Amino acid sequence: MKPVVVFSALLVLATLLPGSLQRNVENPDFKPNCLVGGPDIYDPTQAEKVMWFDVNLDLPPRQRFQQIAKAYKNEIRAVFDVLNYFLTIIPGVNAWELIGNVTASALDKGMIMNPYKDEVLGIAEVLEVPIGNLVFLNIFYEMSRFCTSIVAQTEDNKDLYHARNLDFGQLFVWDIAAQSWGLTDALKKVSVNINFFKNGQLLFKGSTLAGHVGVLTENLAMKPHKFSLSMNAKVQPDLINVAKWYMGAYENTDLQFVMYFERWLFENCDTFQVILLKTNSLLQCAREKIAGVKLLTGAYFILGGVNPGEGSVLVRNTTSVQFERKLFDGDNDWFVLQTNYDPDKNPLFIDNRRDPGNACMNKLGRSQVSMKGIYTVLSSKPTLNKTTVHTVIMSVTKGYFETFIQKCPNPCWAF
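As a starting point, this report considers the structure included with it. Small disclaimer: the values here were computed from a predicted structure and weren't measured. (Residues numbered from 1 in each chain as written. Predicted model: local features only at pLDDT ≥ 70, side-chain atom pairs only at ≥ 80, totals over all residues. Heavy atoms only, no water.)

## Considering helix 5 (residues 95–108)
Note on helix geometry: an α-helix contains 3.6 residues per turn, so any two residues three or four positions apart are oriented the same way.
So, point 1. For helix 5, which comprises 14 residues, the first-to-last C-alpha distance of 20 Å matches the rise-based estimate of 20 Å (1.5 Å per residue) to within 8%.
So, point 2. Of the positions making up helix 5, those classed as buried are A95, W96, I99, G100, V102, T103, A104, A106 and L107.
So, point 3. G110 lies just past helix 5 and shows a positive phi near 80°. (Helix = DSSP H or I, 4+ residues; strand = E, 2+ residues; numbered from the N terminus. Expected span 1.5 Å × (residues − 1). Buried < 20%, exposed > 50% of the residue type's maximum accessible area, 1.4 Å probe, protein only.)

## Notes on the packing of aromatic side chains
So, point 1. A full pass over the atoms with the stated rule returns 15 aromatic pairs.
So, point 2. An aromatic cluster is present here, built from F65, F196, F204, F227 and F266 joined pairwise through their rings. (Phe/Tyr/Trp six-rings, centres within 6.5 Å; stacked < 30°, edge-to-face > 60°.)

## Quick look at the nonpolar core
So, point 1. Residues I139, L183, W245 and F301 are the most contacted members of the largest nonpolar core, which totals 78 residues.
So, point 2. In terms of residue count, helix 6 (residues 116–127) provides more of this core than any other element does, seven residues in total.
So, point 3. Discounting chain neighbours no more than four positions away, the residues touching L183 are V79, V82, L83, F140, F168, G169 and F172.
So, point 4. Listed in part, the 21 residues of the second largest apolar core include L337, V369, I374 and Y375. (Core = buried A, V, L, I, M, F, W, Y, C linked by side-chain atoms within 4.5 Å. Contact = heavy atoms within 4.5 Å.)

## Some words on the pairing of strand 6 (residues 191–198)
Along any regular strand the residues' side chains alternate between the sheet's two faces.
So, point 1. For strand 6, the tally of buried residues reaches six of eight residues, placing the bulk of the element in the interior.
So, point 2. Across five bridges, strand 1 (residues 52–56) lies against strand 6 in parallel orientation. In the sheet register, D54 faces strand 6, and the bridge partner there is N195.
So, point 3. As paired elements, strand 6 and strand 7 (residues 201–209) share eight bridges and run antiparallel to each other. Within the sheet, the bridge partner assigned to N193 lies in strand 7 and is S207.
So, point 4. The loop that links strand 6 with its antiparallel partner strand 7 comprises two residues; one of these, N199, has a positive phi angle of about 55°. (Pairing = 2+ DSSP bridges.)

## A word on the sheet that holds strand 8 (residues 220–223)
So, point 1. Spatially, eight strands are ordered 1-6-7-8-9-12-13-14 in an open sheet, and the strand pairing comes out mixed. In the strand order of this sheet, the two ends are held by strand 1 and strand 14 (321–326), each with one partner. When strand polarity is set aside, the average angle formed by the axes of neighbouring strands in this sheet is 20°.
So, point 2. As defined by bridge partners, strand 8 adjoins strand 9 (residues 227–233) across four bridges and the pair is classed as antiparallel. Looking across to strand 9, one finds that L220 is bridged to S230.
So, point 3. On the sheet, helix 10 (residues 258–268) packs against strand 6, strand 7, strand 8, strand 9 and strand 12 (299–304) and is oriented at approximately 175° with respect to strand 9.
So, point 4. Where helix 11 (residues 285–292) meets the sheet, its contacts fall on strand 9, strand 12, strand 13 (311–316) and strand 14, and the angle it forms with strand 13 comes to roughly 10°. (Axes fitted to C-alpha atoms, helices over the stretch in contact; angles between N-to-C directions.)

## Details of the sheet that holds strand 15 (residues 335–338)
So, point 1. With respect to topology, five strands assemble into an open sheet ordered 15-2-3-16-17, the strand pairing being antiparallel. Sheet topology places strand 15 and strand 17 (400–405) at the edges, where each strand pairs with a single neighbour. With direction set aside, neighbouring strand axes in the sheet form an average angle of 10°.
So, point 2. Together, strand 2 (146–153) and strand 15 form the strand contacts of helix 12 (residues 354–364), whose direction differs from that of strand 15 by roughly 155°.
So, point 3. Lying on the sheet, helix 13 (residues 371–378) is in contact with strand 2, strand 3 (160–167), strand 16 (388–395) and strand 17; it crosses strand 16 at an angle near 160°.

## Description of helix 4 (residues 73–86)
So, point 1. Compared with the 20 Å implied by 1.5 Å per residue over 14 residues, the 20 Å span of helix 4 between its first and last C-alpha is a close match.
So, point 2. Three or more residues of helix 4 are buried, namely I76, V79, F80, V82 and L83. End-on view of helix 4: buried residues confined to an arc of 155°, all on one side of the axis. Facing away from the buried side of helix 4, by more than 90 degrees, are the exposed residues N74, D81 and Y85. (Arc of directions from axis to C-beta.)

This is the structure we're talking about:
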């Protein structure tokens with residue numbers, strides 16, 4: 001039980017800290033810098049640096065992700081090294097090994113559902129790493145994503161763009177020489193795009209990190225010409241629930257990890273909305289599933305469709321929708337921008353990406369909504385910061401999908 005106690009204590013501390021830092025003030029040393037109206041920084045050829053892989057969901061689960069694991073074996077092991085090094089901060093305790101052992105025990109008890117369990121086992125075989133640490137890495141992404149998502153409608157209502165910055169790695173080993181976070185840099189090297197196929201047909205595409213079997217929509221994912229989805233973690237996620245999960249409190253329940261639910265949604269929900277002719281009622285498929293699923297942690301689900309106005313942010317707790325923001329519903333109604341805070345809560349004063357992001361989108365204007373325009377906003381500080389791993393931009397209506405590895409030049413805020 002000792003590793004669970006150690007891990008739980010860290011999680012409790014993490015949930016308490018943000019509450020003491022919530023003030024809506026501007027950081028005086030790192031002022032926002034919106035790049036809209038400046039030189040053209042959008043270069044679509046840079047997106048070619050992030051590799052594409054095909055994952056065949058008709059293959060046995062253990063085989064599905066092994067080609068990616070083989071291609072990025074050294075890079076994924078480097079991510080392990082950063083986490084192992086960081087966890088040596090606990091004197092006399094090999095926390096990385098302890099966490100791996102506890103997570104492996106959870107796997108043995110069937111607390112990770114299939115096919116994801118077998119998929120992770122297949123990756124571990126290739127990487128030759130402890131299975132518990134690899135599973136923990138997948139779970140870890142559930143708890144620590146700081147991101148900015150945008151859905152925006154063009155002026156002519158013909159196109160809708162969905163984009164997201166993945167911010168990850170804050171507080172994990174600052175490299176003084178490189179002026180960057182060690183974990184963030186390691187994750188940039190494992191960023192990949194995936195086409196998911198089933199029955200010989202493209203089912204959906206998404207951006208994620210090699211070694212992970214969900215979609216970090218995790219960074220962003222879409223069914224071309226149907227719908228798109230990204231998920232942002234809450235700044236104060238339900239980490240106590242994760243600790244309880246480790247202690248076996250949720251065995252034999254229907255609680256789901258967000259990252260695996262996202263993938264299930266793309267495999268099983270075909271459209272943003274479904275018309276039931278027999279009852280003549282409109283049900284929004286993706287929104288209905290998101291609203292009803294029981295989750296281990298709360299999150300923000302950002303949805304986009306193909307028809308005008310099909311964009312929303314669903315604020316979820318573990319059991320239900322707390323709030324929903326929609327396109328064309330109030331201020332800034334041609335776009336929605338979501339970071340990691342509830343709409344009625346001020347962001348941390350050290351992490352206010354929301355207000356500068358909204359201001360930069362308004363400076364862009366609806367007439368300039370495009371791949372180039374949204375990329376410029378997401379490359380503006382502090383939306384772009386030292387933890388930004390990559391930016392994903394896509395158009396569901398046109399089928400565009402581009403991922404860019406990011407770098408924030410100094411002076412740049414660390415979070």
